[in-house]
Amino acid sequence: MSNARTEEPKKTAKIDLHFVTGKGGVGKSTVAAALALSLAKAGKKCLLVELGNQSFYKDYFELDEVGYFPKSLKPGLDIALWSGPECLKEYARHLLKIESLYKLFFENPVTRSLVNIAPALPELAILGKITSGPPRNVGPAMPYDCLVIDAYATGHFLALLRAPLGMSKAVRFGPMSEQSRSIHEIICSAAQSHYYVVSLPEELPVTEALELSKSLESQVGFRPIQILNHVLEGTTDSDPSQTLQPPSLFNEAMRVQTENVRNSQERLKEYKLICLPFVLENQALSVVESLATEFSTELADV
Amino acid sequence: MSNQKLQALLESARVIVCVGSGGVGKTTVASALAYQAAKMGRRVLVLTIDPSRRLRSTMGLGERDLAQVQEPNIKGELWASIIDPKKTFDEFVLRAAQHSKGAEKLLQNPLYIQLSTSLSGSQEFTALERLYSAHESQKYDLIVLDTPPTKHAIDFLEAPQKLSALFSDSVAKWFREPEGQSLLVRVMKSGTRQVLKALELLTGSEFMGELSDFFRNIQGWQKKLEARIADVHGLLVSSTTHFVLVSSLDKAKVMEAQYFAREIKKGGYQLSALIINRIQPYWMAESIERSANQQEIKSSLEQRLIDYYSEREKKVLQVESNIPLIVKVPELRENISDMNGVVEMALRLFEKSSEKPELS
């Protein structure tokens, strides 16, 4: 595994941010990995980021370790796990500069518990890290063209995005306030930030996706891209009113599925919609590979 | 044979906590366990978080936050309640501070508002607070708690400790040291002051002002919060409290369940069962039966799906288990998110499901 940090940063005006969210259990993490891989295959240097203390991708891809510092996953694609306290530490190290002060700050048990939980700090630190590349340029350089963030599910994601605006309203002066405003500007920039809401072709997940998309639009000012995941082959082109023979439970299920896909597409039609197939494969990396191919063709149209 | 262990659990448990990541059917499973216990004659309360509108109305909840569920098979009582995290947290703060001015002011503090949103663990604390109050009321033989969706099951148990750390005196006292201390105290605290200075450099003086305001205002009730967290912990490690982990059939998720089982044991809690939901689609058993009767399966997609699900199940169950009871539940024929779905889930859990024998 190569250490990604040693590579030269590219001179870009911005790092594209792709946030993938959706209700729990819709395949958000798989979709995020596939999107990241398709971007990497298109020649972009890409970092796949998961949020929190514990990695999902570690078990999913059977990796030795996924941590704060990026590790290579595939050519052009690195992976990292960012938690609030880790992001805050890096930011503090960057700002405090004096190592002894930094040590005093973070090796103090009281500060340690404070940064873990002080309201809004971890969320701001995570978004601060995500948006730390150009044009903000805060903290160490990030040698990437784009970041794909396997973000929190629904409500937690909205709360995360609200943090900078909330903080800049609560605290109007000082570095925290300035940082909050510039973070908020970037997550509201349609040129730099892209949002993807993943759902399944079923009634409730689509309802939730639509609700989430509305809130998201009112928070950032533009519409997310919809991703309908697990679309079973044959369900987009057959006629749901036709009864398949023999009258088995399987054929009934296929008819219902066809109807569900059709209804979901209809309900999501006001959005840019990407349908991803149900890949009948149990090897995580092959699933991600085939979805990445789908993404490449779909994104070529955008 | 099948399900006797799960049935026995419902007979003896006083508290069942259903944990698991989002989207695995936790609410339905929690409600089904409660329903089954009520069917057996117990007085049961199920505490749910954000149930679907249909489940809400078919449970008779509507806009109320507590209702008795009417269903012909219930011999005991089934009560359903919805937890409103923000409301419960605010109420707890006000109660703990005995409705003092400080508490009213705290509710307006921007940092408190952020704290009482979903990211800081206050939701988890609130769920446990409701659980404890219900337990204290002694109105129920069994309380089943559906927990807030977390990325990882373990987050749920860590949340109260995190919250408790925020309110621990050692943190709070930094921000409300009275003026005019002796020189000795000041010298001893010079390290602390440097740390605070660093924090101010990072965040700005206005933020520090809000932060110390926040800590001054929580002064009145933090002892109560800590006491409450200790009481709740006592209840969670009691021998009549059982954790049930709900998972989907996904290798990464089941591996996480193993990790959770280890962690939970270390904490002194007991993980009594793992329920793997939607282990295969509802049509699959019939398809397999058909093919066993030598009726050719016409659609190649059907066969490929069967192979896919069978392989997935095999792969997942290969993961070595340290969990005493694993219950597998197939997908329901219709994805019903109402009381009928709960009744159907109970049927799957207690009458139709297969149970994996104990593994050492």
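Think of each chain on its own: its residues are numbered from 1, step by step along the sequence as written. Each chain gets a letter, beginning with A, and each ligand a number, beginning with 1, in the order they are written. In keeping with the model being predicted, local features are shown solely for residues with a pLDDT of at least 70 and side-chain atom pairs are shown and tallied solely at 80 or more, while totals for entire chains, interfaces and linings include all residues. In computing side-chain values, all of the structure's heavy atoms are included and hydrogens and water are not.

Asks: I tried to follow the interface of chain B and chain A on my own but got confused; where do I start?
Replies: Reports often express the size of an interface as the amount of accessible area lost when the parts come together. Residue contacts are counted whenever heavy atoms from the two residues lie within 4.5 Å of one another. With 57 residues of chain B in contact, the opposing surface of chain A contributes 60 residues. We define buried area as the total accessible area lost by two parts upon association, computed with a 1.4 Å probe and summed across both. The contact between chain B and chain A buries some 5,500 Å² in all, and 66% of this surface belongs to carbon and sulfur atoms. Each salt bridge in this description consists of a side-chain nitrogen of Lys or Arg and a carboxyl oxygen of Asp or Glu lying within 4 Å of one another. Inspection of the region where chain B meets chain A yields two salt bridges. With its nearest N and O atoms 2.7 Å apart, the salt bridge here joins A:Glu233 to B:Arg304. For this classification, Asp, Glu, Lys and Arg are treated as charged, while Ala, Val, Leu, Ile, Met, Phe, Trp, Tyr, Cys and Pro are nonpolar and the rest, including Gly, are polar. Tallied by class, the residues present in the side of chain B that touches chain A amount to 27 nonpolar, 14 polar and 16 charged.

Asks: When you look at the state of the cysteines in this model, what are you seeing that I'm missing?
Replies: Two cysteines, two sulfur atoms, one covalent bond between them: this is a disulfide. A pair of cysteine sulfur atoms is labelled a disulfide when the two atoms are within 2.5 Å. Considering all chains together, one arrives at zero disulfides over all chains under this definition. Between A:Cys46, a free cysteine, and A:Cys146, which holds the nearest cysteine sulfur, the sulfur-to-sulfur gap is 3.5 Å.

Asks: Help me understand the pattern of salt bridges in this model?
Replies: Side chains bearing opposite charge may pair, as long as their charged atoms lie close to each other. Applying the stated rule across the entire model yields 25 salt bridges over all chains. One salt bridge in this structure joins A:Arg223 and A:Glu217, with 3.4 Å as the shortest N-O distance. Buried residues are those whose accessible area, probed at 1.4 Å on protein chains only, stays under 20% of the maximum for their type, while exposed residues exceed 50% and partly exposed ones sit between those limits. Residue class for A:Arg223 comes out partly exposed when judged on its relative accessible area of 39%. What emerges from the salt-bridge pattern is a single network uniting B:Arg95, B:Glu129, B:Glu136 and B:Arg228.

Asks: Can you walk me through the sheet that holds strand β2 (residues 46-51) of chain A in this structure?
Replies: Whether parallel or antiparallel, the strands of a sheet pair through hydrogen bonds between backbone atoms. Residues and elements named next belong to chain A. Read across the open sheet, the eight strands follow the order β3-β4-β2-β5-β1-β6-β7-β8; overall the sheet is mixed. Of all strands in the sheet, those with a lone pairing partner are β3 (71-74) and β8 (273-277), marking the two edges. Each strand of the sheet is rotated relative to its neighbour by a mean of 25°, with strand direction disregarded. Strand pairing requires that DSSP identify at least two bridges connecting the strands. Helix and strand assignments come from DSSP, with helices taken as H or I runs of at least 4 residues and strands as E runs of at least 2, each series counted from the N terminus. In this structure, β2 lies alongside strand β4 (residues 77-82), joined through six bridges in parallel fashion. Within β4, the residue paired with Cys46 across the bridge is Leu77. With axes taken as lines fitted to C-alpha atoms, and helix axes fitted only over the stretch in contact, angles between N-to-C directions fall between 0 and 180 degrees. Each of β1 (16-22), β2 and β6 (193-199) touches helix α7 (residues 154-170); the most contacted strand, β1, lies at about 145° to it.

Asks: Help me out: how do you make sense of the packing of aromatic side chains in this one?
Replies: Any pair of aromatic rings gets described here by the distance separating the centres and the angle formed by the planes. Residues and elements named next belong to chain A. When the centres of two rings from Phe, Tyr and Trp lie within 6.5 Å, Trp using its six-membered ring, the rings pair. Their planes under 30 degrees apart give stacked, over 60 give edge-to-face, and anything left gives tilted. Per the counting criterion, the structure on display carries 18 aromatic pairs over all chains. For the pair Phe56 and Tyr57, a centre-to-centre distance of 5.7 Å together with 70° between the ring planes defines the contact as edge-to-face. Note on accessibility: Phe56 and Tyr57 belong to one class, buried. Clustering of aromatic rings is evident, with ring pairs tying together Phe19, Phe157, Tyr195 and Phe222. Taking the ring centre of Trp82 as reference, the NZ or CZ of Lys129 above it sits at 5.1 Å. Whether a charge sits over a ring depends on NZ of Lys or CZ of Arg being within 6 Å of the ring centre and within 35 degrees of the ring normal.

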